[in-house]
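Notes for the structure review
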Amino acid sequence: MKTIKLIYLFITIIGIHNFVSAQCQLDQSQTYSNGGRSARNIPGAYEGQSFTVGISGKLCKIEMLMFSTVPGPMSGSGTLKIYSGNGVSGPLLASQTVYVYVPSGDVWQSWTISSPPTVVAGSIYTFQFIPTQGGGLPDPYGVRVSLTNVHPGGVDLNNPTGDLAFKVHVQSCSLNANIYTNSPTSFCQGGSAILYSSQQGSPFTYQWLLNNNPINGATNSTYTATQTGNYSLILDSLGCKDTSNIISITVYPLPSVSINPIPSYINYFASPLTLTGNPNGGTFSGSGITGNIFNPSAAGLGKHTIFYNYTNNYGCSNSANVTTIVYDTLGVVCTSYDTILISVTDTLIVDVVLTGLLPQIILTQFVFIQIRFNPLYR
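Below you will find a few notes about this structure. Note that this is a predicted model, so its numbers are computed, not measured.

Secondary structure assignment for the protein yields two helices and 34 strands. For the protein, the residues scored as buried account for 39% of the 378 residues in total. Here the analysis covers contacts within the protein between residues at least 6 apart in sequence; of these, 65% occur between residues at least 24 apart. Of the roughly 20100 Å² of accessible surface on the protein, a fraction of 53% belongs to carbon and sulfur atoms.

Quick look at the packing of aromatic side chains now. Following the criterion strictly, the structure yields twelve aromatic pairs and no others. Between Trp111 and Phe129, the ring centres sit 5.2 Å apart and the planes meet at 15°, which makes this aromatic pair stacked. Pair noted here: Trp111 is in strand β7 (residues 106-112) and Phe129 is in strand β9 (residues 124-131), with a separation of 18 residues, a long-range link. Residues Trp111 and Phe129 agree in their burial class; the two are buried. Ring geometry for Phe129 against Tyr141: centres 6.2 Å apart, planes inclined by 85°, an arrangement best described as edge-to-face. A residue pair is termed long-range when its members are at least 10 positions apart, and Phe129 in strand β9 and Tyr141 in strand β10 (residues 141-146) qualify at twelve residues.

With that settled, the discussion passes to the environment of Thr228. Mapped onto the secondary structure, Thr228 falls in the loop between β18 (222-225) and β19 (229-237). Using a relative accessible area of 45% as the deciding quantity, one classes Thr228 as partly exposed. In this structure the C-alpha to C-alpha distance between Thr228 and Tyr252, which are 24 residues apart in sequence, comes to 8.3 Å. A distance of 2.8 Å separates the side chain of Thr228 from the backbone nitrogen of Val251, its partner in a polar contact.

Turning next to the sheet that holds strand β13 (residues 179-181). The strand order across the open sheet built from three strands is β13-β15-β18, with neighbouring strands paired in antiparallel fashion. Of all strands in the sheet, those with a lone pairing partner are β13 and β18, marking the two edges. Neighbour-to-neighbour, the strand axes of this sheet turn through a mean angle of 30°, independent of strand direction. Sheet topology places β13 next to strand β15 (residues 193-197); three bridges connect them, and they run antiparallel. Within β15, the position partnered with Thr181 by the bridge is Leu195.

Moving on, we get to the environment of Phe294. Looking at where Phe294 falls in the secondary structure, it is placed in strand β28 (residues 293-294). Ignoring sequence-local partners within four residues, the contact set of Phe294 consists of Ile266, Pro272, Leu273, Leu275, Ser287, Gly288, Ile289, Ala299, Ile306, Thr324 and Val326.

For the rest of this paragraph, the subject is the sheet that holds strand β26 (residues 283-285). Across the sheet, four strands lie side by side as β23-β30-β29-β26; this open sheet has mixed pairing. Because the sheet does not close on itself, it has two edges, and the strands there are β23 (265-267) and β26. Going across the sheet, the axis of each strand differs from the next one's by a mean of 30°, ignoring polarity. Judged from the three bridges that link them, β26 and strand β29 (residues 302-311) form a sheet pairing that is antiparallel. Paired with Phe284 across the two strands is Tyr308, which belongs to β29.

What counts and how
Residues numbered from 1 in each chain as written. Predicted model: local features only at pLDDT ≥ 70, side-chain atom pairs only at ≥ 80, totals over all residues. Heavy atoms only, no water. Helix = DSSP H or I, 4+ residues; strand = E, 2+ residues; numbered from the N terminus. Buried < 20%, exposed > 50% of the residue type's maximum accessible area, 1.4 Å probe, protein only. Contact = heavy atoms within 4.5 Å. Areas by Shrake-Rupley, 256 points an atom, 1.4 Å probe, with all protein chains shown as cover. Phe/Tyr/Trp six-rings, centres within 6.5 Å; stacked < 30°, edge-to-face > 60°. Polar contact = N/O pair within 3.5 Å; in protein donor to acceptor, adjacent residues only side chain to side chain. Pairing = 2+ DSSP bridges. Axes fitted to C-alpha atoms, helices over the stretch in contact; angles between N-to-C directions.

What follows is the structure, encoded as structure tokens:
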């Protein structure tokens, strides 16, 4: 049983981490050599070659065939530069220090680009090697060349009728960004849908889009959508990018719900009150409610909250409420701590049941009295 569980876990991990298979692969090369050139190590001197890439991606490595012109190993340093276009007058895309070591004979110098620039299939680019003055390379040092132009996509910068012996490598973009959701894509305001990237974990980075605009801070492999719109994802892996499919989300607004006003105070013996809710077709609830009728005697004395709930055609619900106080002029026994307005037209003794207070209050004719009960005296 333990072995089965481990195998299942391994399969699950492989399924979740769908890594990019792109590798730094050979794209363009000219390896034929029918001559060698003694390149001078003096200020302003350089070697270089233009080329036309065949696949889009990242220019990840450059190789140049060199040979020693002096007894013993040839070693030193220089600067490798990458330009856009034919020659060194275009935009500079990358620049870094590189090292040369030739123990004897012909040796391919292989230089990995630390910050590989993006290249587009069919476009021309140029690499340039500039020896460091005093950097160890002898004067002259040697580069292998073809004296005729056998590489159709570019030329040797120092001999436009020939080519350097060179190789360029490109890391192709093979991303296939895809997003999905297990949530409903239509829901009421206050709901949400969780969107997922099919590719998760290193070496991926994420940027979610709403209506093709980046969502600030949305850089995880999942995103919780709460607004109406078209959602997509820009997936990036080591500089290779792809934009995913679109998932459309619809958020329905909650209905606006209200109850027509009712009196703040209702006599216990008053006739039942007809309630009106907006929009029509909702449901009333609360003490003393039957349908849309509020019966104060059925509700009982004290404060009552009446609720009205309405659900629209999209299944979205909202509610409203009003409160009223049912009172009695023939002998009120108060059990809550509310403000009660009592109107009488004759002398009346009202017994107010409150622990710790004098129980009798005499009201004279045409007197309005408000009694505010403090819960500390309960």
